[in-house]
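# Geometric and topological summary
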Amino acid sequence: MKVQSIRGTHDILPGSVELWQKIEAAARDLFALYGYAEIRTPVLEETELFARSIGLETDIVRKEMYTIEDSKGKSITLRPEGTAPVVRSYIENGVHSEVQVAKLYYIGPMFRHERPQKGRYRQFHQIGAEVLGSDNPAIEAEVIEMLFRLLQQLGLEEYCLLINSVGCPVCRPAYVNKLREELRAHADELCEECRRRTETNPLRVLDCKVPSCQPVINRLPAITDYLCEECKEHFSLFRKYLDIQGIPGEITPRLVRGLDYYVRTTFEIISSRLGPTQNALVGGGRYDGLSELIGGPPTKGFGFALGMERLVLLLSGRSELGAPYQAPAPEIFLVHLDSAAFEHNLKLAAELRREGISAYIDFEGKSIKSQMRQANRQNATFTCVVGESELQTDQFVLKRMADGSQVTLRRSEISEYLRKEN
Ligand code: HAM
């Protein structure tokens, strides 16, 4: 039986990878303008890190983590998200005592054992950014403005910002109690999972996608009506700063997000083109208190993660990830007629590459016809056929593949000609 890739994972082949590289390069350049530095944390972490920060009652921790015991019996997990690892690293490396506010970004794979479908995978990639050490709502608006810039720069259209405040440990308990009361009163109209959540973590009910639960959920009180004075003030300042940045945000009281570490501001950027259930392109929010949950000093935090697969689907306009394999297109394909020409071409190719010109030669001893076919398939801009007479006369014919036009050059003129043509 042929060994195949694991369900919910995918290869990103040449032909598709260029768009990924473009997105990553745009993010790196833009984030640097806003003062972010890259951080790379391990893909494996202690399970405890995610259990404590994301929350035991979340879907991620209950059902979706890839967890194994290592040979010493320690439970380790493939990271399902990037925020907790960044905060862990920030504490462990004493970054908090180096700078007042740390701005960090990451790009990399995350793992969740979800049911795969379009836009939802088991290994997926996030671009994320975290600001640690500030509770100023202005920085939240700055982060969102940065994200909007990124999406605009990449040419994305039709997306929408949803915002909410999920309160804080002062005001949330009263809301949660009220929610539990309401949910208990309508328990017979809820799915089994929501009946369980009513007791364990009623906020999670707001996330439920089961159609029969929606009438009850739609009648639940809004968290924004239960905010304490500080949270109200924070949310109103956040909205003011968004206004200053000229960014419209739609207040969405049901937006509690699937991770327990959030306090106050939460947000998502959604696109209807992603489909009705997997429509979130970006998710983020504030997580003051996460650091303490994992044994660190009190630390304020705010950040987001963007799903790269979802962005790629939107930008490529494809309904599936990936395109057929496409080899990179060289500027010149050097065709050889005999072994002397092959040896000459080896040297010429090396010289051209030193000049920054991409050159390709065939190593498989193919006929001239099949070398030309290969040059065509690879979309080479020029081909140059080299044989005994070219070597003797120092006259090389460069053929432009697009229109068949030709130019005859001395060997010493080739690189300059190609540089100018490029
Ligand atoms: P999240 O909402 O769980 O938040 O994920 C953020 C984004 O990652 C989603 O909006 C989606 O685009 C993408 N994503 C999540 N799961 C999958 C999946 N199975 N397949 C494909 N894409 C997926 C977080 O992860 C938080 N750490 C965000 C954050 C950073 N909050 C504060 N700082």
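Residues numbered from 1 in each chain as written. Predicted model: local features only at pLDDT ≥ 70, side-chain atom pairs only at ≥ 80, totals over all residues. Heavy atoms only, no water.

### Here's the deal with the site of the ligand
Close to the ligand lie 26 residues; Glu-81, Thr-83, Glu-114, Glu-130 and Tyr-262 are nearest. Between an oxygen atom of the ligand and a main-chain N or O atom of Ala-280, the distance comes to 3.1 Å. Contact with the protein chains hides 96% of the accessible area of the ligand, taken as 660 Å² for the molecule alone. Listing elements by their share of the shell around the ligand, those giving two or more residues are strand 6 (123-132), strand 10 (280-286) and strand 11 (301-307). Residue classes in the shell around the ligand are distributed as 11 nonpolar, 8 polar and 7 charged. (Near = heavy atom within 4 Å. Polar contact = N/O pair within 3.5 Å; in protein donor to acceptor, adjacent residues only side chain to side chain. Areas by Shrake-Rupley, 256 points an atom, 1.4 Å probe, with all protein chains shown as cover. Helix = DSSP H or I, 4+ residues; strand = E, 2+ residues; numbered from the N terminus. Nonpolar A, V, L, I, M, F, W, Y, C, P; charged D, E, K, R; others polar.)

### Some thoughts on helix 4 (residues 83-92)
Burial runs high along helix 4: 9 of the 10 residues are buried. Those residues of helix 4 that fall on the buried side of the exposure criterion are Thr-83, Ala-84, Pro-85, Val-86, Val-87, Arg-88, Ser-89, Tyr-90 and Ile-91. The inward-facing, buried residues of helix 4 contact strand 2 (44-46), helix 2 (47-54), helix 5 (95-98), strand 5 (102-111), strand 6 and helix 11 (290-293). Just past helix 4, the residue Gly-94 takes up positive phi, approximately 65°. (Buried < 20%, exposed > 50% of the residue type's maximum accessible area, 1.4 Å probe, protein only. Contact = heavy atoms within 4.5 Å.)

### Examining the nonpolar core
Core analysis: the biggest nonpolar cluster contains 90 residues, and Phe-31, Tyr-36, Leu-161, Phe-267, Phe-304 and Leu-306 have the highest contact counts within it. The greatest single-element share of this core, amounting to 9 residues, is contributed by helix 6 (residues 137-153). Listed in part, the 18 residues of the second largest apolar core include Leu-334, Leu-348, Cys-384 and Leu-398. (Core = buried A, V, L, I, M, F, W, Y, C linked by side-chain atoms within 4.5 Å.)

### Remarks on the sheet that holds strand 2
Taken in spatial order, the 3 strands of this open sheet run 2-4-3, and their pairing is antiparallel. Strands at the two margins of the open sheet, each flanked by one partner only, are strand 2 and strand 3 (66-69). Going from strand to strand, the sheet's axes swing by 35° on average, the running direction of each strand aside. (Pairing = 2+ DSSP bridges. Axes fitted to C-alpha atoms, helices over the stretch in contact; angles between N-to-C directions.)

### Quick look at empty space enclosed by the protein
To find the voids left in a structure, one rolls a probe of water-molecule size over its atoms. The tally for this structure, following the rule as stated, stands at 1 cavity of 30 Å³ or more. Of the pockets and cavities examined, the largest cavity occupies roughly 30 Å³. Surrounding the largest cavity, Ile-39, Thr-41, Arg-79, Gly-82, Pro-85, Val-86, Tyr-106 and Met-110 form its lining. Elements with a minimum of two residues in the lining of the largest cavity: helix 4 and strand 5. Residues of the lining of the largest cavity, tallied by class, amount to 5 nonpolar, 2 polar and 1 charged. (1 Å grid on protein atoms, 1.4 Å probe; cavity = no way out; pocket = protein on both sides within 12 Å on 5 of 7 lines; lining within 4 Å. Points joined across faces, edges and corners; volume = space filled by probe spheres on them.)

### Structural notes on the side chain of Thr-266
As for its placement among the helices and strands, Thr-266 is situated in strand 9 (residues 263-270). When its relative accessible area of 0% is taken as the criterion, Thr-266 is described as buried. At 3.1 Å, the side chain of Thr-266 and the backbone oxygen of Leu-255 are in polar contact. Not counting chain neighbours up to four residues away, the residues in contact with Thr-266 comprise Leu-162, Ile-163, Asn-164, Val-166, Leu-255, Arg-257, Gly-284 and Gly-285.

### Comments concerning the side chain of Gln-214
Structurally, the position occupied by Gln-214 is in helix 9 (residues 214-218). Within the local environment of Gln-214, its side chain forms a polar contact with the side chain of Arg-254, the two groups lying 3.1 Å apart.

### Points about unusual backbone geometry
Excluding glycine, residues mostly have negative phi values, and the peptide bonds linking residues are mostly trans. Despite not being glycine, Arg-257 shows a phi value in the positive range, around 70°. Mapped onto the fold, Arg-257 is located in the loop between strand 8 (249-251) and strand 9. Its relative accessible area of 11% is what places Arg-257 among the buried residues. In this structure, Arg-264 takes a positive phi of about 55° despite not being glycine. Structurally, Arg-264 is set in strand 9.

### As for the sheet that holds strand 9
One open sheet accounts for 8 strands, arranged 1-5-6-11-10-9-7-8; its pairing is mixed. With partners counted over all chains shown, the strands left at the sheet margins are strand 1 (37-38) and strand 8, one partner each. Looking at chain direction, strand 7 (residues 160-165) and strand 8 are connected through 3 bridges and run parallel. Paired with Leu-161 across the two strands is Gly-249, which belongs to strand 8. Packing against the sheet, helix 6 makes contact with strand 5, strand 6, strand 7, strand 9, strand 10 and strand 11, and its axis sits at approximately 20° to strand 11.

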